[in-house]
Amino acid sequence: KNPLFEALMQRARAGYAERAIPRGDMHAMVRALKDNLPVWFAPDQDFGHKHSIFVPFFGVAAATLTATARLAKLSGARVVPFFAQRMKDGNGYRLVLHPALGNFPSGNIEADTLRINQIIEAEIRRHPEDYLWVHRRFKTRPAGSPRPYAEYRRRRRRKTG
């Protein structure tokens, strides 16, 4: 949400894509998909309660975007999971594409969202070193659930305060 960071990221992305879609512009995503262009976004990011439901991610209820199924339904696009794996020699990445998902979306948003989490989990289990572990995947919690980052924040405030 930092304007400078967003501008830098948009500029960097534009160098790799025919047309970079601004963050959160769902209409542009649907248009691109209908134009038969590939679209990538990170469905495992925690964007809070809006457009998310709680489904398990490594056995923990996680606020998970429903956008993958919603975009597929709106655009008619196929969903092709893919992952970047670091090369063993440290010189670049290998892009691993999985087959397009069958029966997706299924019409059951919870089942579809859980399915995406399970696909991501399976890849993380195969290559845990490639996952962005510093991302606070469990920051949005269901009411009454423990807040896993609260203790970390308390310790950090004590050190800096």
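Refer to the preceding data block for the structure.
In this text, all values refer to a predicted model and were calculated from it rather than measured experimentally.

> How should the packing of aromatic side chains be read in this particular structure?
Any two aromatic rings considered together are summarised by their centre-to-centre distance and by the angle between their planes. Applying the stated rule across the entire model yields four aromatic pairs. For the pair Phe57 and Tyr131, a centre-to-centre distance of 6.5 Å together with 45° between the ring planes defines the contact as tilted. Of this pair, Phe57 sits in strand E1 (residues 52-57) while Tyr131 is found in the loop between helix H4 (109-126) and helix H5 (150-160), placing the two residues 74 residues apart along the sequence. This pair shows no difference in class: Phe57 is buried, exactly as Tyr131 is. When the ring of Phe57 is compared with that of Phe138, the centres are 6.2 Å apart and the planes differ by 45°; the resulting orientation is tilted.

> When you look at helix H2 (residues 26-34) in this model, what are you seeing that I'm missing?
One turn of the α-helix equals 3.6 residues, which is why residues spaced by three or four share an orientation. Among the residues of H2, Ala28, Met29, Val30, Ala32 and Leu33 are the ones counted as buried. On its buried side, H2 packs onto helix H3 (67-75).

> Hey, could you run me through the pattern of salt bridges in this one?
Oppositely charged side chains can form a pair if their charged atoms are brought close together. According to the stated counting rule, one finds three salt bridges in the structure shown. Across the pair Arg125 and Glu121 runs a salt bridge, and its minimum N-O distance is 3.4 Å. Linking Arg125 with Glu121, this pair stays in helix H4, spanning four residues, or about one helical turn. Residue Arg125 is classed as exposed on the basis of its relative accessible area, which comes to 57%. Ionic pairing is found between Glu123 and Arg126, a salt bridge with its closest N-O pair at 3.0 Å. Taken as a pair, Glu123 and Arg126 lie in helix H4 at a separation of three residues, close to a single helical turn.

Definitions and cut-offs
Residues numbered from 1 in each chain as written. Predicted model: local features only at pLDDT ≥ 70, side-chain atom pairs only at ≥ 80, totals over all residues. Heavy atoms only, no water. Phe/Tyr/Trp six-rings, centres within 6.5 Å; stacked < 30°, edge-to-face > 60°. Helix = DSSP H or I, 4+ residues; strand = E, 2+ residues; numbered from the N terminus. Buried < 20%, exposed > 50% of the residue type's maximum accessible area, 1.4 Å probe, protein only. Contact = heavy atoms within 4.5 Å. Salt bridge = Lys/Arg side-chain N within 4 Å of Asp/Glu carboxyl O.

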